[in-house]
Amino acid sequence: MPHDPRARIIRRQSWGDFHLFRFESPALAASAKPGQFVMVRTAEGTDPLLRRPISLHDGGDGWMEIFFRVAGRGTALLAERKEGQTLDLIGPLGGGYQLDGEWSGRKAWLVGGGRGIAPLYFLGRALQVRGARVRVFYGGKTRAEIPLAGKFRDAGFDVACSTDDGSLGYRGFVTALLEKELAAGPPAGLFVCGPDPMMERTARLAQARNIPAQISLEAIMGCGFGACWGCVKRIKRQDGGKWRKICEDGPVFAADEIIWDEA
Amino acid sequence: MPHDPRARIIRRQSWGDFHLFRFESPALAASAKPGQFVMVRTAEGTDPLLRRPISLHDGGDGWMEIFFRVAGRGTALLAERKEGQTLDLIGPLGGGYQLDGEWSGRKAWLVGGGRGIAPLYFLGRALQVRGARVRVFYGGKTRAEIPLAGKFRDAGFDVACSTDDGSLGYRGFVTALLEKELAAGPPAGLFVCGPDPMMERTARLAQARNIPAQISLEAIMGCGFGACWGCVKRIKRQDGGKWRKICEDGPVFAADEIIWDEA
Amino acid sequence: MADLSADLGFLRLRNPVLTASGTFGYGLEFAPYLDLNRLGGIVVKGLYYGPREGNPPPRLVETASGLINAIGLQGVGVEHFAADVLPELRKYDTAVFVNVCGADNEEYLRVIDFLEGQDGIAGYELNISCPNVKQNGACPALFPEATRLIVAAARARSRRPLIAKLSPNVTSIVDIARAAEDGGADALSLINTILALAVDLETRRPKLGNIFGGLSGPAVKPIALRMTYQVAKAVHIPVIGMGGIMNGADALEFMVSGARAVQVGTANFVEPGAALRIVEEMAAWCDAHGVARVSDIVGTLQA
Amino acid sequence: MADLSADLGFLRLRNPVLTASGTFGYGLEFAPYLDLNRLGGIVVKGLYYGPREGNPPPRLVETASGLINAIGLQGVGVEHFAADVLPELRKYDTAVFVNVCGADNEEYLRVIDFLEGQDGIAGYELNISCPNVKQNGACPALFPEATRLIVAAARARSRRPLIAKLSPNVTSIVDIARAAEDGGADALSLINTILALAVDLETRRPKLGNIFGGLSGPAVKPIALRMTYQVAKAVHIPVIGMGGIMNGADALEFMVSGARAVQVGTANFVEPGAALRIVEEMAAWCDAHGVARVSDIVGTLQA
Ligand SMILES: Cc1cc2nc3c(=O)[nH]c(=O)nc-3n(C[C@H](O)[C@H](O)[C@H](O)COP(=O)(O)OP(=O)(O)OC[C@H]3O[C@@H](n4cnc5c(N)ncnc54)[C@H](O)[C@@H]3O)c2cc1C
Ligand SMILES: Cc1cc2nc3c(=O)[nH]c(=O)nc-3n(C[C@H](O)[C@H](O)[C@H](O)COP(=O)(O)OP(=O)(O)OC[C@H]3O[C@@H](n4cnc5c(N)ncnc54)[C@H](O)[C@@H]3O)c2cc1C
Ligand SMILES: Cc1cc2nc3c(=O)[nH]c(=O)nc-3n(C[C@H](O)[C@H](O)[C@H](O)COP(=O)(O)O)c2cc1C
Ligand SMILES: Cc1cc2nc3c(=O)[nH]c(=O)nc-3n(C[C@H](O)[C@H](O)[C@H](O)COP(=O)(O)O)c2cc1C
Ligand code: FES
Ligand code: FES
């Protein structure tokens with residue numbers, strides 16, 4: 001049953017605007033894949049009316065995690081939720097990252113900025129299981145926007161941080177850091193989630209070097225499960241380019257499927 | 001300044017659907033009179049949009065109390081408020097009960113049902129200060145609807161309870177109990193707050209016996225301070241009967257001012 | 001247990017709850033969330049003759065208790081629908097209505113002509129009221145005569161039940177309703193969305209790619225109820241009410257105001273099982289209130 | 001600090017924020033909550049010639065992010081207003097507009113004739129759009145010709161600035177706006193409330209004594225913004241926008257959409273100091289965005 005109206009929060013951690021909830025949801029935990037998301041109800045009444053899409057951040061035996069940043073009213077209400085209270089969510093939704101093929105011993109680079117880091121932990125762990133050597137490029141405006149660097153390191157990932165103000169790691173955009181590192185030799189695959197300009201820049205870097213890159217797009221979503229046709233972006237497939245649903249056909253796309261000026 | 005957006009809750013008690021909040025509001029405490037009310041904001045967003053009117057239940061040095069019953073979404077949200085959180089309220093509003101005249105040694109009977117008991121504690125204490133002998137008729141459907149009986153007794157009031165099911169005190173309507181007691185001799189004044197049928201019945205009992213009675217009316221209120229003209233009921237004054245604002249001209253009226261069929 | 005069936009004259013529905021066009025995909029998207037066999041019926045997403053691109057994104061914006069959409073009727077077209085969707089839908093025991101769209105009168109008729117050859121369609125809902133396709137929201141349902149003409153033309157092409165879907169963006173919904181009745185509609189459904197605008201202050205651009213969109217959801221319910229009441233009093237054919245229905249009480253309010261059936265729209269996005277929950281809440285309310293047949297409350301508003 | 005003044009052509013306001021008629025009493029009710037001298041102006045509660053009883057209660061009902069009212073313009077009439085209210089209002093340095101009502105065209109003119117002799121009135125807002133007075137919400141602003149006639153007649157009676165207040169309950173707000181412009185209006189204000197119904201399911205009665213009422217508040221903002229944008233593009237006179245404005249950003253969105261000034265309505269009930277807070281938020285936004293004159297953003301929507 002893909003609608004869990006009462007997933008109990010069993011742990012929560014907060015860093016300023018950023019929040020991490022662990023909740024019980026055996027059905028979700030049994031089927032979820034990295035890159036998939038849930039649609040979360042943020043209020044009981046009609047304000048906000050729609051659910052909000054949030055990526056799955058990690059999962060284990062009967063539980064899953066989400067990691068989110070307060071962006072507006074919906075996420076602010078969500079952030080008020082306490083341990084023991086419940087989440088009303090639909091999922092897992094979307095296709096997630098494509099992990100087929102041989103990863104053993106190969107380099108997987110994950111690039112995330114701000115709240116975009118959310119799905120990359122779950123993904124990194126899955127790649128690890130497949131034997132990949134996982135490196136994470138984690139960018140933010142300031143040190144405060146990189147609360148999970150330690151968690152990623154503890155998981156055994158090689159973590160490189162960047163901040164616009166240099167308060168942690170490389171000073172500058174995470175894409176500039178990535179470009180510098182790419183010069184030393186390309187990975188077998190790039191996995192990206194973050195603000196649009198970051199994703200576009202990363203996609204171009206990858207395409208110029210022929211590195212397969214998978215990008216997780218965002219869109220305003222009405223339903224999250226393919227019913228409203230509200231979340232479309234221009235996606236190139238055999239057909240040359242059509243409005244496709246980010247929720248159902250994505251949210252993860254190959255870099256060369258995305259038509260950036262119209263996405 | 002009659003708008004206090006941040007009155008801090010310093011104590012809360014709950015009995016099922018009934019809740020009592022004590023909050024700090026020096027300005028309010030300095031000026032409030034029994035029978036007055038506050039308009040409380042129940043949500044930050046637009047659902048519910050309007051404030052809710054709640055009577056002042058008691059007050060002291062820098063603090064005031066409200067006592068309310070969950071009736072719908074607004075009061076339900078209010079009931080979630082914790083100690084240390086704040087209330088956004090406007091008040092004191094309305095005219096309150098008229099306490100002029102000689103009360104010393106005279107009998108004041110207060111009649112309240114359900115949430116209508118709320119203003120009568122503050123009122124009883126004020127009457128006590130004026131030397132009145134205060135008796136409270138406190139009605140509810142069941143024992144659970146009479147959570148404050150003990151509190152009223154502790155204040156030194158003579159309390160007579162009634163429940164529809166006989167689970168506490170007299171079995172039957174509080175108005176029937178009142179009628180019975182009136183047979184033994186009338187009080188100097190009656191003060192009433194509760195559901196409409198109870199107030200109407202009490203008003204008729206009082207009028208038939210020529211007992212001055214003051215009745216606190218309810219109405220759906222848009223603003224609470226006389227600006228929207230939304231809260232009117234038909235009130236008789238020199239003019240024979242006009243739509244008057246409950247919030248501003250009331251909420252307390254003399255029993256013979258109220259035109260019940262149109263109220 | 002109360003009798004929930006809804007008699008539309010031309011058709012008897014299991015219960016009065018249909019899903020609104022454009023908010024329930026082609027129906028199949030919701031099969032994982034609820035039993036389609038237990039719905040009163042499904043109105044599928046609007047269909048033009050050929051496939052449609054729809055409007056550029058953003059296509060949705062949330063407003064206070066409402067949703068503005070400017071999907072622009074992106075869709076697969078009748079051929080794909082008949083070949084791939086309809087056979088799947090036929091496996092369910094529920095009334096399927098096709099929401100028929102057209103860029104001009106002729107296209108509406110072509111859609112109907114094509115679908116006449118297809119089984120498993122309980123009727124047509126003529127979407128003469130979509131505000132998201134033409135400049136400034138223009139559509140036939142803004143004008144009585146245009147409404148009457150297209151309804152009459154559609155009527156002449158098919159014996160299947162024909163529902164005309166009305167627009168709220170008019171001075172007198174009653175005039176349009178009467179025109180549709182004159183044109184031969186078997187029923188009326190209302191309201192479609194209300195033409196609306198949302199502005200992004202930071203970029204000073206409309207929040208929707210299409211500039212304007214259509215407002216739906218709880219915000220519009222009081223307007224939809226008013227129009228349902230006005231129309232139900234003015235016409236002799238059944239009225240199907242919608243606009244902001246989120247629960248059984250909302251649905252029953254529309255019925256008390258004169259609707260024989262209702263449609264659930266935006267609520268499906270918030271809760272994919274909403275339509276069925278609403279059926280259950282309606283049944284529970286009837287039982288609690290000693291209402292033996294839900295149809296007994298239709299039009300009972302004491303005003 | 002940004003220049004907030006608003007130029008309506010016929011009048012320069014301190015800032016673009018007026019309080020909407022019927023939501024700010026006669027102004028004085030709000031003196032305990034905010035400094036009236038700091039507002040752009042006040043539009044007082046609608047005035048008929050004589051005192052009015054108004055509608056039977058209940059007169060208000062809350063809906064999702066909205067409020068339906070059917071006050072029915074209860075009020076004191078012009079004589080009482082001139083004798084008791086106006087002298088008090090004259091003590092404040094703020095532009096006072098009178099919302100002029102009439103049961104028929106003649107009454108509008110009588111109200112104006114009477115007020116012409118009174119000082120301290122910055123202009124008239126002709127309320128040709130109240131949905132709560134006649135059966136089914138009828139009012140002049142539903143019809144272009146009726147609008148033009150009453151505006152022209154009022155125009156001929158006074159040299160004071162004349163604002164025509166438009167109704168949203170129409171198929172083409174632009175047609176009505178142009179008719180008011182043709183009639184000689186100096187400015188247009190919009191929107192008045194949207195005709196609506198709320199039903200009490202338990203009693204099966206309308207929740208309002210008047211049956212219908214007018215919907216206002218955040219629920220209607222997307223509709224009001226759309227109409228403001230459409231009208232501002234179509235006419236040459238200033239447009240004053242309103243409908244659901246709760247904060248500075250809302251107000252600025254109306255200005256970006258073409259409004260030279262705005263009115264704040266329902267928000268005054270929720271927060272009696274709202275209008276002034278909105279002025280302050282607008283100033284802060286301008287400062288943060290390097291906007292030297294708030295009037296520079298009027299009509300800058302890139303659509
Ligand atoms: C597939 C997917 C996965 C996501 N995963 C995460 C996650 O794991 N953690 C996280 O913090 N956030 C995630 N987001 C973004 C998150 O959904 C938005 O931040 C959230 O919806 C904002 O809601 P709000 O009510 O707080 O803000 P609102 O007041 O609704 O909006 C605040 C700002 O965010 C923008 N916005 C609103 N909805 C979206 C949206 N769906 N996508 C992008 N921008 C939006 C608005 O335009 C506005 O500028 C994800 C989005 C998508 C589409
Ligand atoms: C002057 C005054 C003083 C009051 N004092 C108290 C008090 O001290 N304690 C207390 O518990 N309640 C009091 N009330 C009643 C309280 O205001 C309502 O219970 C509350 O507004 C309901 O809001 P809601 O959002 O919870 O319910 P809603 O969902 O808004 O309504 C639930 C039900 O209550 C009815 N209702 C809504 N608003 C009012 C209203 N203003 N008056 C009466 N019925 C209403 C509705 O019609 C509906 O049937 C008072 C009311 C007034 C007018
Ligand atoms: C995303 C979306 C798409 C819609 N598409 C259609 C459509 O294709 N055809 C149609 O007649 N109505 C369409 N509508 C209107 C709905 O069917 C319905 O009339 C409206 O949303 C009001 O109901 P609600 O408030 O319950 O959503 C659409 C509405 C939404 C929100
Ligand atoms: C209680 C109430 C009374 C109103 N009375 C009047 C009135 O007397 N004259 C008038 O032109 N508009 C009247 N209106 C309409 C408002 O002036 C305004 O047009 C409408 O409420 C939309 O703005 P808002 O959403 O900010 O409230 C009234 C609105 C409300 C809520
Ligand atoms: S969010 Fe509804 S189709 Fe993608
Ligand atoms: S509640 Fe607004 S005037 Fe009384």
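Residues numbered from 1 in each chain as written. Chains lettered and ligands numbered in written order. Predicted model: local features only at pLDDT ≥ 70, side-chain atom pairs only at ≥ 80, totals over all residues. Heavy atoms only, no water.

Honestly, the overall build of chain A in this entry has me stumped. Any pointers?
Scanning chain A from N- to C-terminus turns up seven helices and 16 strands. Its C-alpha radius of gyration of 18 Å places chain A within 12% of the 18 Å reference for a compact globule of 263 residues. Reported as C-alpha extents along the three principal axes, the dimensions of chain A are approximately 50 × 45 × 35 Å. Across chain A, contacts joining residues at least 24 apart in sequence account for 63% of those joining residues at least 6 apart. (Helix = DSSP H or I, 4+ residues; strand = E, 2+ residues; numbered from the N terminus. Rg over C-alpha atoms; globule rule 2.2 N^0.38 Å. Contact = heavy atoms within 4.5 Å.)

Looking at this structure, how should I read the interface of chain C and chain D?
Each partner contributes residues to the interface: chain C has 45 residues there, and chain D has 45 residues. Per-residue buried area on chain C facing chain D is highest for Thr171, Leu201 and Arg204 of chain C; these three make up 18% of the total on that side. Viewed at the interface, chain D and chain C are joined by twelve residue pairs in polar contact (both at pLDDT 80 or more). Secondary-structure elements contributing two or more residues to the side of chain C that touches chain D are strand S11 (194-197), strand S13 (205-206), strand S14 (212-216), helix H5 (221-234) and helix H6 (248-256) of chain C. Element by element, the count of residues in the side of chain C that touches chain D is highest for H5 of chain C, at six residues. Class assignment for the residues of the side of chain C that touches chain D results in 29 nonpolar, eleven polar and five charged. (Buried area = accessible area lost by both parts, 1.4 Å probe. Polar contact = N/O pair within 3.5 Å; in protein donor to acceptor, adjacent residues only side chain to side chain. Nonpolar A, V, L, I, M, F, W, Y, C, P; charged D, E, K, R; others polar.)

Explain the site of ligand 1 to me, please; I cannot follow it from the model alone.
Residue and element names in this part refer to chain A. Around ligand 1, a shell composed of 19 residues is seen, among which Arg52, Pro53, Arg69, Gly74 and Thr75 lie nearest. Between an oxygen atom of ligand 1 and a main-chain N or O atom of Pro53, the distance comes to 2.6 Å. Arg69 is positioned such that a nitrogen or oxygen atom in its backbone is 2.8 Å from an oxygen atom of ligand 1. When residues of the shell around ligand 1 are traced back to their parent elements, those giving at least two are strand S4 (52-55), strand S6 (63-69) and helix H2 (73-79). Looking at the shell around ligand 1 element by element, the count peaks at four residues for S4. For the shell around ligand 1, the residue count by class is ten nonpolar, four polar and five charged. (Near = heavy atom within 4 Å.)

Got a minute to help me understand the relation of the copies chain C and chain D in this structure?
Between the two chain copies there is a screw-like relation: a rotation about an axis and a shift along it. Expressed as a screw operation, the relation of chain C to chain D combines 0.0 Å of axial shift with a rotation of 180 degrees, fitting to an RMSD of 0.0 Å. Taken together, these values place the two copies in the relation of a two-fold axis. A shared binding surface is used by both copies, with 100% of the interface residues of chain C retained as interface residues in chain D. (Least-squares fit on C-alpha atoms with pLDDT ≥ 70 in both.)

Quick question: what am I supposed to make of the site of ligand 4 here?
Residues and elements named next belong to chain D. Around ligand 4 sit 23 residues, and of these Ser21, Lys165, Gly217, Gly244 and Thr266 come closest. In the model, an oxygen atom of ligand 4 is placed 2.8 Å from a nitrogen or oxygen of the Gly217 main chain. Between an oxygen atom of ligand 4 and a main-chain N or O atom of Gly265, the distance comes to 3.0 Å. Burial of ligand 4 by the protein chains amounts to 98% of its free accessible area of 600 Å². (Areas by Shrake-Rupley, 256 points an atom, 1.4 Å probe, with all protein chains shown as cover.)

What is the right way to look at the environment of Trp243 of chain A in this model?
Looking at where Trp243 of chain A falls in the secondary structure, it is placed in strand S15 (residues 242-245). Sequence separation of Trp243 of chain A and Leu56 of chain A is 187 residues, and the distance between their C-alpha atoms is 25 Å.

Help me out: how do you make sense of the interface of chain B and chain D in this one?
By a frequent convention, interface size equals the accessible area lost on bringing the separate parts together. Of the residues lining the interface, 26 residues belong to chain B; the matching set on chain D comes to 29 residues. Between chain B and chain D, roughly 2,500 Å² of surface is buried when both sides are summed, and carbon and sulfur atoms account for 64% of that area. Broken down residue by residue, the surface that chain B buries against chain D is led by Leu49, Trp229 and Trp243 of chain B, which jointly contribute 30%. Taken together, the links from chain B to chain D amount to two salt bridges. (Salt bridge = Lys/Arg side-chain N within 4 Å of Asp/Glu carboxyl O.)

Explain the packing of helix H1 (residues 77-89) of chain D against helix H2 (residues 105-116) of chain D here, please?
Residues and elements named next belong to chain D. One can describe the packing of H1 onto H2 by two numbers: an axis separation of 10 Å at closest approach and a directional angle of 20 degrees. By the angle between their directions, the pair H1 and H2 is classed as roughly parallel. Relative to H2, H1 is oriented so that their crossing is right-handed. Residues Val78, Glu79, Phe81 and Ala82 of H1 touch H2, and the partners they reach there are Val111, Phe114 and Leu115. Partitioning the contact of H1 with H2 into residue classes produces six nonpolar, no polar and one charged. (Axes fitted to C-alpha atoms, helices over the stretch in contact; angles between N-to-C directions. Parallel < 35°, antiparallel > 145°, perpendicular 65-115°, else oblique. Left-handed = near helix turned anticlockwise from the far one by under 90°.)

Please clarify how the environment of Ser21 of chain D should be interpreted in this entry.
Residues and elements named next belong to chain D. By the secondary structure assignment, Ser21 is in the loop between strand S3 (17-19) and strand S4 (41-47). Residue classification places Ser21 among the buried positions, given a relative accessible area of 14%. Residues Ser21 and Val264 lie 243 residues apart in sequence; the distance between their C-alpha atoms is 8.9 Å. Beyond its immediate chain neighbours, meaning those up to four positions away, Ser21 contacts Val43, Val44, Lys45, Gly46, Asn99, Glu125 and Gln263. (Buried < 20%, exposed > 50% of the residue type's maximum accessible area, 1.4 Å probe, protein only.)

How do you make sense of the sheet that holds strand S10 (residues 158-163) of chain A when you look at a structure like this?
Where strands meet in a sheet, backbone hydrogen bonds hold them as pairs that are either parallel or antiparallel. All names here are of chain A. Spatial ordering of the open sheet is given by S11-S10-S9-S8-S12-S13-S16, a layout of seven strands whose pairing is mixed. This sheet does not close on itself; its edge strands, each paired only once, are strand S11 (170-171) and strand S16 (252-254). Pairing of strand S8 (residues 107-113) with strand S12 (residues 189-193) involves five bridges; the strand directions are parallel. Across the sheet, residue Leu110 finds its bridge partner in S12, namely Phe191. The strands touched by helix H3 (residues 118-129) within the sheet are S8, strand S9 (133-140) and S12, with S8 carrying the most contacts at an inclination of about 175 degrees. The sheet strands contacting helix H5 (residues 174-182) are S8, S9, S10, S11 and S12, and the helix crosses S9 at an angle near 145 degrees. (Pairing = 2+ DSSP bridges.)

Where do I start with the packing of aromatic side chains in this structure?
Each aromatic ring pair is specified by the distance between its two centres and by the angle formed by the two planes. The final tally for this structure, using the stated rule, is 32 aromatic pairs over all chains. Consider the rings of Tyr121 of chain B and Phe152 of chain B, whose centres lie 5.2 Å apart with planes at 90 degrees: the pair is edge-to-face. Taken together, the residues Tyr121 of chain B in helix H3 (residues 118-129) and Phe152 of chain B in helix H4 (residues 149-154) connect sequence positions 31 residues apart. We classify Tyr121 of chain B as buried; its relative accessible area is 9%. Pairing Tyr49 of chain C with Phe114 of chain C gives two aromatic rings, centres 6.0 Å apart and planes at 90 degrees, and the pair type is edge-to-face. Separated by 65 residues along the polypeptide, Tyr49 of chain C in the loop between strand S4 (41-47) and strand S5 (60-63) and Phe114 of chain C in helix H2 (residues 105-116) bring together distant segments of the chain. Residue Phe114 of chain C is classed as partly exposed on the basis of its relative accessible area of 23%. Following the ring pairs from residue to residue traces out a cluster consisting of Tyr121, Tyr138, Phe152 and Phe157 of chain A. A cation over an aromatic ring shows up here: Lys151 of chain B above the ring of Tyr121 of chain B, its NZ or CZ 4.5 Å from the ring centre. In this structure, Arg110 of chain C packs its charged tip against the face of Tyr49 of chain C, placed 4.1 Å from the ring centre. (Phe/Tyr/Trp six-rings, centres within 6.5 Å; stacked < 30°, edge-to-face > 60°. Lys NZ or Arg CZ within 6 Å of the ring centre and 35° of its normal.)

Looking at this model, I keep getting lost on the side chain of Ser158 of chain D. Mind explaining?
Residue and element names in this part refer to chain D. Note on placement: Ser158 falls in the loop between helix H3 (144-157) and strand S9 (162-165). You can call Ser158 buried: its relative accessible area is 7%. A distance of 2.7 Å separates the side chain of Ser158 from the side chain of Glu116, its partner in a polar contact. Apart from residues lying up to four places away in sequence, Ser158 is in contact with Ile112, Glu116 and Tyr124.

In this structure, what is going on with the state of the cysteines? I would like to understand it.
Counted according to the given criterion, the structure contains zero disulfides over all chains. No disulfide involves Cys139 of chain D; its sulfur sits 7.7 Å from that of Cys130 of chain D, the nearest cysteine. (Disulfide = S-S within 2.5 Å.)

Please clarify how the domain arrangement of chain A should be interpreted in this entry.
Residues and elements named next belong to chain A. Looking at the assigned domains, one finds that chain A contains domain 1 (3-93) and domain 2 (107-216). Centre-to-centre separation of domain 1 and domain 2, based on C-alpha positions: 23 Å. Across the domain 1 to domain 2 interface the summed buried area is about 1,400 Å²; carbon plus sulfur atoms make up 65%. Sorting the residues of domain 1 by area buried against domain 2 places Pro34, His57 and Phe67 first, and these three jointly supply 37% of that buried surface. Where domain 1 touches domain 2, the interface holds three salt bridges. Note that Glu145 and Arg69 form a salt bridge whose closest N and O atoms lie 3.1 Å from each other. Applying the counting rule to domain 1 against domain 2 returns seven residue pairs in polar contact (both at pLDDT 80 or more). Mapped by element, the contributors of at least two residues to the side of domain 1 that touches domain 2 are strand S2 (18-24), strand S5 (58-59) and S6. (Domains from an automatic or database assignment.)

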